[in-house]
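The lines below spell out each chain.
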Amino acid sequence: MAETKQSAPLALEICAIDRAPYRVEAAEISLPGEQGLFSVLPGHAALVATLGVGVVKARAGAEERIFVINGGIARVLENQVLVLTRTAESAEDIDRDRAEAAKKRADGRLNSQRDKVDVARAEAALRRAMARLAASGNPASPGGS
Amino acid sequence: MPNLQGIRRRIASVKSTQKITRAMKMVAAAKLRRAQEALIKTRPYAYHMRELVNGLIAHIDPTDHPLLRKGTGDKVSLLIVSSDRGLCGGYNSSIVIETMRLLHEDFKGRNVELIVVGKKGVDALRRRRGKLKASHLGIFDRYTVSSATSVIDPVVEEFVAGQTSEVYCLYNEFKSAISQKLKLERLLPYEPEDTGKLADAYFIFEPSAEEIVSALLRDNLHAQMHRILHEAMASEQGARMAAMDSATNNARDVIAKLTLKYNRVRQDAITKEVVEIVSGAEAL
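Figured I'd write up the structure that's included with this text. All figures in this text were calculated on a predicted structure; none of them were measured in a lab. (Residues numbered from 1 in each chain as written. Chains lettered and ligands numbered in written order. Predicted model: local features only at pLDDT ≥ 70, side-chain atom pairs only at ≥ 80, totals over all residues. Heavy atoms only, no water.)

## Considerations on the packing of aromatic side chains
All names here are of chain B.
Thinking step 1. Taken as a whole, this structure holds three aromatic pairs over all chains when the rule is applied.
Thinking step 2. Here the aromatic rings of Phe-107 and Tyr-168 are separated by 5.1 Å at their centres, their planes lie at 50 degrees, and the arrangement is tilted. Note that Phe-107 is positioned in the loop between helix H2 (91-104) and strand E2 (111-117) and Tyr-168 in strand E4 (residues 166-176), a separation of 61 residues in sequence.
Thinking step 3. Given the relative accessible area of 14%, Tyr-168 is considered buried.
Thinking step 4. Residues Phe-203 and Phe-205 carry aromatic rings whose centres are separated by 6.0 Å and whose planes lie at 50 degrees to one another, so their mutual orientation is tilted. Summarising the burial analysis for this pair, Phe-203 and Phe-205 share the class buried. (Phe/Tyr/Trp six-rings, centres within 6.5 Å; stacked < 30°, edge-to-face > 60°. Helix = DSSP H or I, 4+ residues; strand = E, 2+ residues; numbered from the N terminus. Buried < 20%, exposed > 50% of the residue type's maximum accessible area, 1.4 Å probe, protein only.)

## Here's the deal with the packing of helix H4 (residues 145-160) of chain B against helix H5 (residues 209-283) of chain B
Residues and elements named next belong to chain B.
Thinking step 1. One can describe the packing of H4 onto H5 by two numbers: an axis separation of 9 Å at closest approach and a directional angle of 130 degrees. What the angle tells us is that H4 and H5 run oblique. Our pair here, H4 against H5, has a crossing hand that is right-handed. Counted together, Val-145, Ala-148, Thr-149, Val-151, Ile-152, Asp-153, Val-156, Glu-157 and Val-160 of H4 and Arg-218, Leu-221, His-222, Met-225, His-226 and Leu-229 of H5 form the full contact between these two elements.
Thinking step 2. Per-class residue counts for the contact of H4 with H5 are nine nonpolar, three polar and three charged. (Axes fitted to C-alpha atoms, helices over the stretch in contact; angles between N-to-C directions. Parallel < 35°, antiparallel > 145°, perpendicular 65-115°, else oblique. Left-handed = near helix turned anticlockwise from the far one by under 90°. Contact = heavy atoms within 4.5 Å. Nonpolar A, V, L, I, M, F, W, Y, C, P; charged D, E, K, R; others polar.)

## Some details on the sheet that holds strand E5 (residues 179-188) of chain B
Pairing between the strands of a sheet is mediated by backbone hydrogen bonds and can be parallel or antiparallel.
Residues and elements named next belong to chain B.
Thinking step 1. Pairing is mixed in the open sheet, where five strands are placed in the order E3-E2-E1-E4-E5. In this open sheet, the two edge strands, each paired with only one partner strand, are strand E3 (134-136) and E5. For this sheet, the mean angle separating the axes of adjacent strands, direction not counted, is 20 degrees.
Thinking step 2. One ladder, built from seven bridges, connects strand E1 (residues 75-81) with E2; its direction is parallel. Residue pairing in the sheet places Ser-77 in a bridge with Glu-113 of E2.
Thinking step 3. Where H4 meets the sheet, it contacts E1, E2, E3, E4 and E5, and its direction lies at approximately 170 degrees from that of E1. (Pairing = 2+ DSSP bridges.)

## Notes on the interface of chain A and chain B
Thinking step 1. Tallying the contact residues gives 23 residues for chain A and 22 residues for chain B.
Thinking step 2. Counting each side, the surface lost to burial between chain A and chain B is near 2000 Å², with a carbon and sulfur contribution of 72%.
Thinking step 3. For the chain A face of the interface with chain B, the top three residues by lost area are Ile-17, Val-48 and Leu-84 of chain A, together amounting to 30%.
Thinking step 4. Taken together, the connections running from chain A to chain B amount to zero salt bridges.
Thinking step 5. Our count for the chain A to chain B interface comes out at five residue pairs in polar contact (both at pLDDT 80 or more).
Thinking step 6. Contributing elements (two or more residues each) for the side of chain A that touches chain B: strand E1 (10-16), strand E2 (19-26), strand E5 (47-60), strand E6 (63-77) and strand E7 (80-85) of chain A.
Thinking step 7. Taken together, the residues that form the side of chain A that touches chain B break down as 15 nonpolar, three polar and five charged.
Thinking step 8. Relative to strand E6 (residues 204-206) of chain B, E5 of chain A runs parallel, the two sharing three bridges. Across the sheet, the residue bridging to Ala-49 of chain A is Glu-206 of chain B, located in E6 of chain B. (Buried area = accessible area lost by both parts, 1.4 Å probe. Salt bridge = Lys/Arg side-chain N within 4 Å of Asp/Glu carboxyl O. Polar contact = N/O pair within 3.5 Å; in protein donor to acceptor, adjacent residues only side chain to side chain.)

Given below as structure tokens:
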């Protein structure tokens, strides 16, 4: 196969339920699949995969755009990558202070010994906050997804 | 002879009504713009979601999926989306009339349960039909995505449990600021209209196609409900703006008519007085 031949770049569309879609062109896209990170290059096979909470990176040359998404699904077909997710934010739009506060809140909730804590919910909130922080620059704690 | 003061009072009262309708029109126009923007944001997600579901259903065996098979029994859930506030022309009454028509014609003889969103629809249908299955009031004021799920989820659970055989939704689709189209959509059992090119593509699924389609079917219901409620919000404001616009114009016509009448009566009175004075002078 002619791997060196550059196909048409990828078109990425990220649709969140209550936000106008982001549309980006890229040469390489990495996605937070529920079963592990994966990358999409031009000419990728048709794929449908569920996504977890995490960061979508779209690279075009030296330029890289980063989005935080909250679960959902990705569809790759003929160099069109469609991401449907509950919430999506571009890295520039992230409010670091808010994410920082959310992380503290979730941390506190997980560490408190009371029975009333909804662990699954607090963990999900923590994951979202960490993804936001990771996307918007130096993460507050290393190892954030 | 109609008295002058009475006419003057009526003009003043119509004018103040006109002031109110004009202000309401302005408010509705501003709200319409916001609702329209929100609707335009939600449509791509809902449309993509529908397209994806429709295409992927072809990749699984649909016979036994709880959201795809037709339920048993004759019970039907009918979701009706009206508005919480009035003064929006025929918006709510057309919904109620269509609901009654559906009950007496299309769903005749079937056991229909009504789930109504919006105070106006709830009031009118409760008067006409007695008890409703569920009513949702005030969800438009503080609307979030979870408002949509709170409306649709109980209905879906009932369907999955086999208590209802079909789920329909009656709502206004937003066409433009001055036109809305009443639309009856069947939500469940879900039936893809056209499968598109996704049905033929050979996909890698992660995890299995069944799991993905199951998750998508639910997400799609949420997305469609979210869109439907946004369509309704925009339609309501459009209807209100149009209604208030025509009310303002009617008030202007009434004022013009009354002013003409007022002047005529005033002139008549003056003429009469002049005639009286002249004839009085002649008599001397």
